[in-house]
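Read off the chains here:
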Amino acid sequence: IMDALAFFCNHPWKDIRVAAARCIGNLLSRPKSSAEPPTQLEADAAYPDLHSEAKARLTTFGLDVKIAELAQSDAELDVRERAKSALNKLNADAKT
């Protein structure tokens, strides 16, 4: 999947690049909390640190660089905005 995302980040069609950026952002999304938050022990058991794992794998495949390039210099506004959203999720831990 990661290889395909890297390929789609360079695709000539705008809609494909938007979809790739959206997929990367979705991989970095954290689970939504329920009405009653689980205890820390339950949360750790049910949801290991998936965000850190996703971030590490994306970085291993160079997708952090690809998404930054899309956010900075893609010709299409839709692609840049979706890539910026994914980049914000990727850098979320650095801000805290």
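This report concerns the structure included in the present document. As the structure is a computational prediction, the values presented were derived from the model and not from experiment.

Criteria and thresholds
- Residues numbered from 1 in each chain as written.
- Predicted model: local features only at pLDDT ≥ 70, side-chain atom pairs only at ≥ 80, totals over all residues.
- Heavy atoms only, no water.
- Salt bridge = Lys/Arg side-chain N within 4 Å of Asp/Glu carboxyl O.
- Helix = DSSP H or I, 4+ residues; strand = E, 2+ residues; numbered from the N terminus.
- Buried < 20%, exposed > 50% of the residue type's maximum accessible area, 1.4 Å probe, protein only.
- Phe/Tyr/Trp six-rings, centres within 6.5 Å; stacked < 30°, edge-to-face > 60°.
- Disulfide = S-S within 2.5 Å.
- Polar contact = N/O pair within 3.5 Å; in protein donor to acceptor, adjacent residues only side chain to side chain.
- Contact = heavy atoms within 4.5 Å.
- Axes fitted to C-alpha atoms, helices over the stretch in contact; angles between N-to-C directions.
- Parallel < 35°, antiparallel > 145°, perpendicular 65-115°, else oblique.
- Left-handed = near helix turned anticlockwise from the far one by under 90°.
- Nonpolar A, V, L, I, M, F, W, Y, C, P; charged D, E, K, R; others polar.

1. Points about the pattern of salt bridges
So, step 1. Enumeration according to the criterion identifies 4 salt bridges in this entry.
So, step 2. Lys14 is the partner of Asp78 in a salt bridge, and the nearest nitrogen-oxygen pair spans 2.9 Å. Highlighted residues: Asp78 in helix α6 (residues 77-90) and Lys14 in helix α2 (residues 14-27), separated in sequence by 64 residues.
So, step 3. The class for Asp78 is partly exposed, based on a relative accessible area of 41%.
So, step 4. Of the charged contacts, one joins Arg57 and Glu53 as a salt bridge, the two residues approaching to 2.5 Å between their closest N and O atoms.

2. Considerations on the packing of aromatic side chains
So, step 1. In the structure shown here, the tally under the stated rule is 1 aromatic pair.
So, step 2. Geometrically, the ring pair formed by Phe7 and Phe8 is edge-to-face, given 5.4 Å between the ring centres and 65° between the ring planes.
So, step 3. Classification of Phe7 by relative accessible area gives exposed; the value is 52%.
So, step 4. On the basis of relative accessible area, Phe8 is assigned to the partly exposed category, the value being 32%.

3. Description of the state of the cysteines
So, step 1. For the structure shown, the criterion picks out 0 disulfides.
So, step 2. Lacking any disulfide linkage, Cys9 is separated from the closest cysteine sulfur, that of Cys23, by 9.3 Å.
So, step 3. Residue Cys9 is classed as buried on the basis of its relative accessible area, which comes to 3%.
So, step 4. Classification of Cys23 as partly exposed rests on a relative accessible area of 36%.

4. Some words on the side chain of His11
So, step 1. Secondary-structure assignment places His11 in the loop between α1 (2-9) and α2.
So, step 2. Here His11 falls in the buried class, since its relative accessible area comes to 16%.
So, step 3. Reaching out from His11, the side chain makes a polar contact with the backbone nitrogen of Trp13 at a distance of 3.0 Å.
So, step 4. With residues up to four places along the chain from it excluded, the contact list for His11 reads Ile16 and Arg17.

5. Topic: the packing of α2 against α6
So, step 1. Interhelical geometry of α2 versus α6 gives an angle of 15° and a closest axis separation of 8 Å. Judged by the inter-axis angle, α2 sits roughly parallel to α6. Here α2 runs over α6; the crossing is left-handed. Touching Lys14, Arg17, Val18, Ala21, Arg22, Ile24 and Gly25 of α2 are Asp78, Val79, Arg82, Ala83, Ala86 and Lys89, all from α6.
So, step 2. Of the residues belonging to the contact of α2 with α6, the class tally is 6 nonpolar, 1 polar and 6 charged.

6. Description of the environment of Ala68
So, step 1. Locating Ala68 in the fold gives a position in helix α5 (residues 63-73).
So, step 2. Residues Ala68 and Ala86 lie 18 residues apart in sequence; the distance between their C-alpha atoms is 9.0 Å.

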